[in-house]
Each structure stands twice: as structure tokens, then as C-alpha cells.
Amino acid sequence: MDTSRPHPARMYDYYLDGRDNYEVDREAAERVIQVHPEARVSARANRAFLHRAVRDVVRGGIRQIIDIGTGIPTSPNTHEVARQAAPGTRVVYVDNDPIVATHAGARLTNTDHTGFVLGDVREPKAILEHPTVRELINFDQPVALLLVAVLHFVRDDEDPAGIVATLAEALPVGSRLVLSHATGEPYEAYEAGRTDEEARDSVVDVYKKSTATLNLRTKAEIEPLFGPFTLLDPGVVRVPLWRPDGPVGTPEEINNIVFYGGVGTKG
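None of these values were measured; they are calculated from a predicted model. (Residues numbered from 1 in each chain as written. Predicted model: local features only at pLDDT ≥ 70, side-chain atom pairs only at ≥ 80, totals over all residues. Heavy atoms only, no water.)

Chemist: Quick question: what am I supposed to make of the pairing of strand S8 (residues 259-266) here?
Modeler: Each regular strand shows side chains that alternate between the opposite faces of the sheet. For S8, the tally of buried residues reaches seven of eight residues, placing the bulk of the element in the interior. As paired elements, strand S5 (residues 176-182) and S8 share seven bridges and run antiparallel to each other. Of the residues in S8, the one forming a bridge with arginine 176 is threonine 265. Across three bridges, strand S6 (residues 229-231) lies against S8 in antiparallel orientation. Counterpart to leucine 231 in the pairing with S8 is glycine 264. Direction of pairing for strand S7 (residues 237-238) relative to S8: antiparallel, over a ladder of two bridges. In the strand pairing of S8, valine 237 is matched with glycine 261. (Buried < 20%, exposed > 50% of the residue type's maximum accessible area, 1.4 Å probe, protein only. Helix = DSSP H or I, 4+ residues; strand = E, 2+ residues; numbered from the N terminus. Pairing = 2+ DSSP bridges.)

Chemist: How do you make sense of the nonpolar core when you look at a structure like this?
Modeler: Generally speaking, soluble globular proteins have nonpolar side chains that are buried together. Counting residues in each nonpolar core, the largest one holds 32 residues, and the members touching the most others are Val54, Ile65, Leu146 and Val178. Counting residues per element, the ones that place at least two in this core are helix H3 (39-59), helix H4 (78-85), strand S2 (90-95), helix H5 (98-107), strand S4 (144-148), S5 and S8. It is H3 that contributes the most residues to this core, seven residues altogether. If sequence neighbours within four positions are ignored, isoleucine 65 has contacts with Val54, Thr78, Ala82, Thr89, Arg90, Val91, Val92, Ile137, Ala144 and Leu146. (Core = buried A, V, L, I, M, F, W, Y, C linked by side-chain atoms within 4.5 Å. Contact = heavy atoms within 4.5 Å.)

Chemist: So what exactly am I meant to see when it comes to the pattern of salt bridges here?
Modeler: Close approach of charged atoms allows side chains of opposite charge to pair. By the definition in use, this model includes 15 salt bridges. The shortest N-O distance in the salt bridge between arginine 243 and aspartate 56 comes to 2.9 Å. Placement of arginine 243 in the loop between S7 and helix H11 (251-255) and of aspartate 56 in helix H3 is noted, with a sequence separation of 187 residues between them. For aspartate 56, a relative accessible area of 11% puts it in the buried group. Across the pair arginine 155 and glutamate 158 runs a salt bridge whose closest N-O atoms are separated by 3.4 Å. For glutamate 158, a relative accessible area of 22% translates into the label partly exposed. Counted as one network, the salt bridges with shared partners bring together Asp120, Arg122, Arg155, Asp157 and Glu158. (Salt bridge = Lys/Arg side-chain N within 4 Å of Asp/Glu carboxyl O.)

Chemist: Please clarify how the confidence of the model for the protein should be interpreted in this entry.
Modeler: A low pLDDT means the predicted coordinates there should not be read in detail. For the protein, mean pLDDT is 91; residues scoring 70 or higher make up 93% of the total. Ignoring residues within four places in sequence, the model shows residues 189-194, a span with pLDDT below 50, making eight contacts including any to other chains. (pLDDT = per-residue confidence, 0-100.)

Chemist: Please clarify how the packing of aromatic side chains should be interpreted in this entry.
Modeler: Aromatic ring pairs are described here by two measures, namely the spacing of the ring centres and the angle between the planes. Under the definition given, this model contains two aromatic pairs. Measuring from centroid to centroid gives 5.9 Å for phenylalanine 153 and tyrosine 207, while their planes differ by 40°, and the two rings are tilted. Placement of phenylalanine 153 in the loop between S4 and helix H8 (160-169) and of tyrosine 207 in helix H9 (residues 197-208) is noted, with a sequence separation of 54 residues between them. Taking relative accessible area as the criterion, phenylalanine 153 reaches 14% and is therefore assigned buried. The lysine or arginine in question, arginine 238, covers the ring of tyrosine 260, its NZ or CZ lying 4.7 Å from the ring centre. (Phe/Tyr/Trp six-rings, centres within 6.5 Å; stacked < 30°, edge-to-face > 60°. Lys NZ or Arg CZ within 6 Å of the ring centre and 35° of its normal.)

Structure, rendered in C-alpha cells:
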């Protein structure tokens, strides 16, 4: 358990106004906020996308979810959102931070049909073969796989597309992938010159000192990560634009949301 360096999950908790973080995480997160003041807005928009996507997959009939890179528990959590529509939905949370595991034991796994796995997205086979996953997930039935704000911590040489492909291979037809990913590019409907490359690089530098590097990708680089999953409408978009349930904001406001997101189904 390394508390000498900032951890992305604990920094994300800070962006969401959580309290489960350390001084080293808060200092790093504040450096990000200094150069990207909308970091908290982006985190909240990404969280809202997760909630909408979970409700969507449950409405589509899926009753089991694997949430990889879940981060510090922040209510409402995935199982709480899913069970509002479908009580009894089974959920396995996965994260590589032992501190997340500690919080998960207190907040996530004290209900039926919910489990936690201490695992790394870079080792997808180990996740799939974990006893908790095998106990709770029936791979003969469709599964919702959540990779929300996690693949941008996987370097190109660690093969993020290959990770998705390995996970997808284990899932039956009708399964869905919910994916969001940070980007450094401007929103296409706004002026291209607005993005400050120096500010973007400064954010990346902060994460170089954390336990995982930040690997920003363009929309054109994110779309292929869906692999065998066919994108549902509206495709890969800035997260406020994915099936919104309220106002989405101005083009400038959307430009400041650093996450793309989408949902795909396995045919």
C-alpha cells in the first residue's frame, strides 16, 4: 500500500469532493485543478455518464456487471444504481488499490450479490479467473463490462485494445461495454485553438509522479478500443452528450469536459 505517491483513484475521489484521500493526493489534484479548473466538473460529468449507462444496460435486461477500475466508493455506486431498476443485479468491483479494497469491504460488499476483487486491468485473465468473479458472474448470460475512466492509465505498450479483446472474448453475445476515456483534444464543435497544449502537458506531468501515468487519446484512438462491441447511438461522444437526461450545457462547457464515452454491444 503506497501512500508516498498520489494515486489516481484517490485523486478522483478528491475531484468528487470525497474524503478518502491523503495529503499527497490532494496536492497533486490541486495542481491539476490549477491548470484545468474544470477538473471537478469533468469528474462529475463522467460519474453521471456512468449512472446513465448503468441504468441503460439494466433496462436492456442485463443483470450482472463487472466494474473494473471502480475507484473509491462514491454513493450512489454501480450496484445501487442498477438495483433501483432491477433488485438483485450482481456486481463485481475490481480495483488495483488496496486502499480502495479496504473501503470496498466496508461499503460495497456488505450486501448480497456484490463482491470485490483486488486486481489490475492489465491482467484481464486473472480478473476473469478470480473466484469471486466466477462465483457471482454467469458467463453464459450477458454481462455489462464497465471500463470507466481506467484505460487512459494504460500505456500503448501495455495494449489497451488487447485488454478489451481478452475481456470481450469471455463475454457472450448481448453483453455490453461501457467505456469512458480522457482526451486532450478540443471539442469538434468549438474552435480548435482553445485547447492549451501546455496546460494539457502540465496535467500529464502531474500523473507521471503518481502510481499510474495518464495517457490521453483522441476520439479516433478511443473508438477502436471498443473492438468487437458495436457502438450504440450516439457513438463515442463527450460524456454529457451520451443519452442526456437533462441540459447538456454550451459548446464551451462541453469542450471543458475531458472525457469521451460510449456504450457498445457484443453481436
